[in-house]
Amino acid sequence: MRETTYWPKLCLIQAAGANVEAVIDPLAPGLDLQPFLDLMANEKVLKVFHAARQDLEIFLKLAGSLPARCSTPRSPPWPADMAIPSPMTRLCRRC
């Protein structure tokens, strides 16, 4: 959410895997986000983002790095040397 701040704020995480879905409140007191950040850094797991612009800004600010191996529905997963059309998906490729 970015209505009154310069940096977007992580307010909700929606995640899904092959057999599980989760909605996570990152603002919950005492919640440790490190396991989630570790998952985002895992190069063996493809992360798919929708309209990823603010998501990528949040991860860069929160974790100090962008998620490894990410894609958006607008561009399918790509090889590392393939040209990516949009500026934000180019950020994914740098991970």
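Asker: I'm lost on the overall build of the protein chain in this one. Help?
Answerer: A count of helices and strands for the protein chain gives three helices and four strands. The linear arrangement of helices and strands in the protein chain, starting from the amino end, is β-β-α-β-α-β-α. The contacts of the protein chain with a sequence gap of at least 6 include a subset with a gap of at least 24, amounting to 36%. Summed over its atoms, the accessible surface of the protein chain is roughly 6800 Å², and 57% of this surface lies on carbon and sulfur atoms.

Asker: Looking at this model, I keep getting lost on the layout of surface pockets. Mind explaining?
Answerer: Roughly 660 Å³ of internal volume is contained in the largest pocket. Along the wall of the largest pocket there are 21 residues; nearest its centre are Ile 13, Gln 14, Ala 15, Val 48 and Phe 49. Breaking the lining of the largest pocket down by element, the ones donating at least two residues are strand E1 (13–16), helix H1 (34–41), strand E3 (47–48) and helix H2 (53–63). In terms of residue class, the lining of the largest pocket is made up of 16 nonpolar, two polar and three charged.

Asker: What should I look at first to understand the packing of aromatic side chains in this one?
Answerer: Each aromatic ring pair is summarised here by two numbers: the centre-to-centre distance and the angle between the ring planes. Using the criterion set out here, one finds two aromatic pairs in the structure. Ring geometry for Phe 49 versus Phe 59: centroids 6.0 Å apart, planes at 75 degrees, classification edge-to-face. One end of the pair, Phe 49, is in the loop between E3 and H2; the other, Phe 59, is in helix H2, with ten residues separating them in the sequence. No difference in accessibility class separates Phe 49 from Phe 59, as the two residues are buried. Counting every residue linked through ring pairs, the aromatic cluster contains Phe 36, Phe 49 and Phe 59.

Asker: How should the side chain of Lys 47 be read in this particular structure?
Answerer: Here Lys 47 is to be found in strand E3. Buried charge without a partner: Lys 47 forms no salt bridge, and the closest opposite charge is Glu 43, 8.4 Å away. A distance of 3.3 Å separates a polar side-chain atom of Lys 47 from the backbone oxygen of Met 40. Excluding its chain neighbours within four sequence positions, the residues that come into contact with Lys 47 are Leu 39, Met 40, Asn 42, Ala 68, Arg 69, Cys 70 and Ser 71.

Asker: Just checking my understanding: could you explain the packing of H1 against H2 for this structure?
Answerer: One can describe the packing of H1 onto H2 by two numbers: an axis separation of 12 Å at closest approach and a directional angle of 115 degrees. Considering how the two elements wind past one another, H1 and H2 form a crossing that is left-handed. Contact residues: H1 offers Phe 36, Leu 37 and Met 40, while H2 offers Phe 59, Leu 62 and Ala 63. The residue makeup of the contact of H1 with H2, split by class, is six nonpolar, no polar and no charged.

Calculation notes
Residues numbered from 1 in each chain as written. Predicted model: local features only at pLDDT ≥ 70, side-chain atom pairs only at ≥ 80, totals over all residues. Heavy atoms only, no water. Helix = DSSP H or I, 4+ residues; strand = E, 2+ residues; numbered from the N terminus. Contact = heavy atoms within 4.5 Å. Areas by Shrake-Rupley, 256 points an atom, 1.4 Å probe, with all protein chains shown as cover. 1 Å grid on protein atoms, 1.4 Å probe; cavity = no way out; pocket = protein on both sides within 12 Å on 5 of 7 lines; lining within 4 Å. Points joined across faces, edges and corners; volume = space filled by probe spheres on them. Nonpolar A, V, L, I, M, F, W, Y, C, P; charged D, E, K, R; others polar. Phe/Tyr/Trp six-rings, centres within 6.5 Å; stacked < 30°, edge-to-face > 60°. Buried < 20%, exposed > 50% of the residue type's maximum accessible area, 1.4 Å probe, protein only. Lys, Arg positive; Asp, Glu negative; His and termini not counted. Salt bridge = Lys/Arg side-chain N within 4 Å of Asp/Glu carboxyl O. Polar contact = N/O pair within 3.5 Å; in protein donor to acceptor, adjacent residues only side chain to side chain. Axes fitted to C-alpha atoms, helices over the stretch in contact; angles between N-to-C directions. Left-handed = near helix turned anticlockwise from the far one by under 90°.

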